[in-house]
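# Structure assessment
Spelled out, the chains give:
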Amino acid sequence: MSREEEIFIGSIDQGTTSTRFIIYDRFAKAVGSHQVEFPQHYPQPGWVEHDPVEILKSVRECITKALDKATANGHNIDKGLKAIGITNQRETTVIWSKSTGLPLHNAIVWMDVRTSSICRKLESKLSGGRSHFVNVCGLPISTYFSAIKLLWLMENVDAVKASIKTGDAMFGTIDSWLIWNLTGGCGGEDRDQHQVKGVHVTDCSNASRTMLMDLKTLNWDQPTLDALGIPLSVLPKIISNSEIVGKIANGWPISGVPIAGCLGDQHAAMLGQACGIGEAKSTYGTGAFILINTGGKIVKSTHGLLSTMAFKLGPDAPTNYALEGSIAIAGAAVQWLRDSLGIIRSASEIEELAATVENSGGVYFVPAFNGLFAPWWRDDARGVCIGITRFTNKGHIARAVLESMCFQVKDVLDSMHKDTGGVEGLEESKKEFLLRVDGGATVNNLLMQTQADLLGSSVLRPADIETTALGAAYAAGLACGVWKVDDIFAEKAEKASVFRPMLDEELRKKRLDSWFKAVSRAFDLADLSL
């Protein structure tokens, strides 16, 4: 095939701490990519914000530099780029002005816990308490989800109140913000020329994380909106994960290219991992997120998990659902060691430091920086490090941080097996279990071996660990005919790594018992005096 006949799909992967753009060829191999970190803002303890404009700038830089790299390698991207997909950090909430295109407040990030008092108020006010909306949206009332963040903005930001009153407010998760700007909102170089022209949509996977969407109908639920006092007029239109949304506007590096796929990051990773019914994956990023594909069944958890979307690959395609366990802090704990404590200079150093000791020396670290998500759901929890003696050194601390990720994943998978054990078609999830893993932290072999040891089952790491971006590319490629569903879910002859458990079962149980003790010590610490 000549260079002129090459076909490419681009993927914007907008994460919690960084943005990347990856260009894939028709064989789903990356031919160019660029990644940048962007600033995190912490106005108060427990608060986490992003500047939505900084996110747009990071997207522009990544697209520009990835194009340059691919072109320098001899690829004719300008002619061959057929579409792009978008995947994004979920639940992070933005509200902006339709008329100016400017954010009315910084984005409130998914892990932010400023809304605890709103949650408690709703739990006491609504008849179903914390589970009032679960039968509709699959989610409990929690600081995690977008609707509660939107309520905080409506109650506390004068510009938001005024903008909603005049009909000028637009709400969205990061996917909506990106699509609106990319399709002409105000994201081009000429603000006056492009304002008010953007497409205001969200995909069904991101919508499923707002607490406002009916999981069965995939529409906004009016009784929920009424109960929370959220006007339907501020919400975007819900679309499938794989369909042409609109074309990128002038002023962007790839103007004229269709946006044809969109999924929240964890759903994109499921698609990138080609998780069929009964198969589970764990993505290790800022947090860690474990999902199992439950097919057409909405499985209700009795063990602290969330019922959510997996993916819907086209407007008329069947809907796949999932059970999810969300862990707030995984890779973010490594960043904390690097940025706040200075124990390591780069994230990649943690494996070497942790390997300087044979074990954690009895140290257990619970990274409840902003509470604990699944399966505990304790927003009153805070981080603890216990078992410290004069014997403890920084190697033990580093190893305990790595192990904390693995213990948390084990907690979620145990809950997942309990919830799916009696569900027809999902029994395979209890048989010879194989956890598929992806995300940047999975390059750490010690982490992967520890995960297998604590699970007592095997862990499979694919050759391409950036399956989140790949999933978004797959969705876009499906919509524009580059791939078919069977191509994506076909068995792939790739070089994968399998980590098998080596830890004695009795020692595994003792270590898990110690972990549970550590977790219990983290509860009810949110009101410690400064």
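Fair warning: this is a prediction, and the values are worked out from it, not measured in the lab. (Residues numbered from 1 in each chain as written. Predicted model: local features only at pLDDT ≥ 70, side-chain atom pairs only at ≥ 80, totals over all residues. Heavy atoms only, no water.)

### Looking at the nonpolar core
Here is the rule we go by: The nonpolar core is taken to be a set of buried Ala, Val, Leu, Ile, Met, Phe, Trp, Tyr and Cys residues, with the residues joined through side-chain atoms within 4.5 Å. In this scheme, a residue with accessible area under 20% of its type's maximum is buried, one over 50% is exposed, and one in between is partly exposed, where area comes from a 1.4 Å probe on protein chains only. Any two residues whose heavy atoms approach within 4.5 Å are treated as being in contact.
Counting 132 residues, the largest nonpolar core has M211, M213, L228, I230, V366 and L435 as its most contacted members. Not counting residues within four places of it along the chain, the set of residues in contact with I230 comprises A147, L150, L151, M154, L212, L225 and L235.

### Considerations on the pairing of strand β1 (residues 8-14)
The test is simple: Where helices and strands are cited, they refer to DSSP runs of H or I of at least four residues and of E of at least two residues respectively, numbered from the N terminus. We treat two strands as partners when DSSP finds at least two bridges between them.
The buried fraction of β1 amounts to seven of the seven residues, a majority that puts the element mostly inside the structure. The two faces of β1 match: F8, G10, I12 and Q14 on one face and I9, S11 and D13 on the other face are all buried. Sheet topology note: the β1/strand β5 (residues 81-88) ladder contains seven bridges and is parallel. Along β5, the bridge assignment pairs D13 with T87. Examined bridge by bridge, β1 and strand β2 (residues 18-25) share seven bridges and lie antiparallel to one another. Within β2, the residue paired with D13 across the bridge is R20.

### Observations concerning the packing of helix α5 (residues 146-156) against helix α6 (residues 158-166)
Threshold: Comment: axis = line fitted to C-alpha atoms, over the contacting stretch for helices; angle = value between 0 and 180 degrees taken between N-to-C directions. Every angle not falling under 35 degrees, over 145, or within 65 to 115 is termed oblique; those three ranges are roughly parallel, roughly antiparallel and roughly perpendicular. Note on residue classes: Ala, Val, Leu, Ile, Met, Phe, Trp, Tyr, Cys and Pro are nonpolar, Asp, Glu, Lys and Arg are charged, and everything else, Gly too, is polar.
Direction vectors running N to C along α5 and α6 enclose 95 degrees, while the axes themselves pass 5 Å from each other. As the angle between them shows, α5 and α6 are arranged roughly perpendicular. Listed contacts from α6 to L153, M154, E155 and N156 of α5 are D158, V160, K161 and I164. For the contact of α5 with α6, a count of residues per class yields four nonpolar, one polar and three charged.

### Description of helix α16 (residues 467-479)
We count it as follows: Take the number of residues in a helix, subtract one, and multiply by 1.5 Å to get its expected span.
Taking 1.5 Å per residue as the helical rise, α16 with its 13 residues ought to reach 18 Å, and the 18 Å between its terminal C-alpha atoms agrees with that figure. Directly after α16, the chain includes G481, whose backbone phi takes a positive value near 85 degrees.

### Topic: the sheet that holds strand β3 (residues 30-37)
One open sheet accounts for six strands, arranged β3-β2-β1-β5-β14-β13; its pairing is mixed. Single-partner strands in this sheet number two, and they are β3 and β13 (242-247). On average, each strand axis in the sheet is inclined to that of its neighbour by 25 degrees, with strand direction left out of account. Sitting on the sheet, helix α7 (residues 174-182) touches β1, β5, β13 and β14 (258-264), and the angle it makes with β5 is about 145 degrees.

### Some remarks on the sheet that holds strand β17 (residues 306-312)
Taken in spatial order, the seven strands line up as β17-β18-β16-β15-β21-β22-β23 in an open sheet, and their pairing is mixed. Of all strands in the sheet, those with a lone pairing partner are β17 and β23 (497-499), marking the two edges. For this sheet, the mean inter-axis angle between neighbouring strands, taken without regard to orientation, is 30 degrees. Against the sheet, helix α14 (residues 394-420) engages β15 (280-284), β16 (288-295), β18 (319-327) and β21 (434-438), with an angle of about 140 degrees to β18. Lying over the sheet, helix α15 (residues 445-455) contacts β15, β21, β22 (458-461) and β23, oriented at roughly 150 degrees with respect to β22.

### Structural notes on the side chain of N241
Definition in use: Any N or O atom pair separated by 3.5 Å or less is treated as a polar contact, with the protein-specific requirement of one donor-capable and one acceptor-capable atom, and with residues adjacent in sequence counted only for side-chain atom pairs.
Within the secondary structure, N241 is located in the loop between β12 (237-239) and β13. Looking at N241, its side chain comes within polar contact range of the side chain of D203, at 2.8 Å. Within polar-contact distance, the side chain of N241 engages the side chain of S205 at 3.5 Å. Excluding residues within four positions of it along the chain, N241 makes contact with D203, C204, S205, A260, G261, C262, L263, F311, K312 and A475.

### Some details on the packing of aromatic side chains
Inclusion rule: The rule is short: rings of Phe, Tyr and Trp, with Trp giving its six-membered ring, pair when the centres are within 6.5 Å, and they are stacked under 30 degrees, edge-to-face over 60, tilted in between.
Counted under the stated rule, the structure contains 20 aromatic pairs. Centroid distance F145 to W377: 6.4 Å. Interplanar angle 35 degrees. Geometry classified as tilted. Remark: W377 occurs in the loop between β19 (364-366) and β20 (384-386) and F145 occurs in the loop between α4 (134-137) and α5; sequence separation between them is 232 residues. An identical accessibility class is assigned to F145 and W377; each is buried.

### Observations concerning the pattern of salt bridges
For side chains of opposite charge, pairing can occur when their charged atoms come near one another. Short version of the rule: Each reported salt bridge corresponds to a side-chain nitrogen of Lys or Arg within 4 Å of a carboxyl oxygen of Asp or Glu.
For the structure shown, the criterion picks out 23 salt bridges. Taking the shortest distance from any N to any O, the salt bridge between R120 and D379 comes out at 2.9 Å. With R120 in helix α3 (residues 116-125) and D379 in the loop between β19 and β20, this residue pair connects regions lying 259 residues apart in the sequence. One network of salt bridges, in which partners are shared, links R90, E91, R209, D265 and E324.

### Concerning the pairing of β18
Most of β18 is tucked away, with nine of its nine residues classed as buried. Of the two faces of β18, the one holding T319, Y321, L323, G325 and I327 and the one holding N320, A322, E324 and S326 are both buried throughout. Of the strand pairs in this sheet, β16 and β18 are connected by seven bridges, and their pairing is antiparallel. Paired with G295 across the strands is Y321, a residue of β18. In this structure, β17 lies alongside β18, joined through six bridges in antiparallel fashion. Bridged to S307 within β18 is L323. Adjacent in sequence and paired antiparallel, β17 and β18 are bridged by six residues, among which G314 carries a positive phi angle near 135 degrees.

### What to know about α15
An α-helical turn contains 3.6 residues, so any two residues separated by three or four positions project in the same direction. The buried fraction of α15 amounts to 10 of the 11 residues, a majority that puts the element mostly inside the structure. Within the sequence span of α15, burial applies to L446, L447, M448, Q449, T450, Q451, A452, D453, L454 and L455. At the N-terminal end of α15, a side-chain oxygen is found 3.1 Å from the backbone nitrogen of L446, two or three residues along, and the residue is N444.

### Regarding the packing of α3 against α5
Between two packed helices, both the angle of their axes relative to each other and the distance between the axes serve to describe the pair. Taken N-terminus to C-terminus, the directions of α3 and α5 make an angle of 105 degrees; their axes are 10 Å apart at the nearest point. On the basis of the axis angle, α3 is roughly perpendicular to α5. Here I118, C119, K121 and L122 of α3 come into contact with α5, specifically with I148, L151, W152 and E155. When grouped by side-chain class, the residues that make up the contact of α3 with α5 number six nonpolar, no polar and two charged.

### Thoughts on unusual backbone geometry
In this chain, A374 is followed by P375 through a cis amide linkage whose omega measures -5 degrees. Looking at the element boundaries, P375 is found in the loop between β19 and β20. Of note in the backbone geometry, L218 takes a positive phi value of approximately 60 degrees without being a glycine. Along the chain, L218 falls in the loop between β10 (213-214) and β11 (219-220). Unusually for a residue other than glycine, A274 sits at a positive phi of about 55 degrees. By secondary structure assignment, the location of A274 is in the loop between α11 (265-272) and β15. Given the relative accessible area of 15%, A274 is considered buried.

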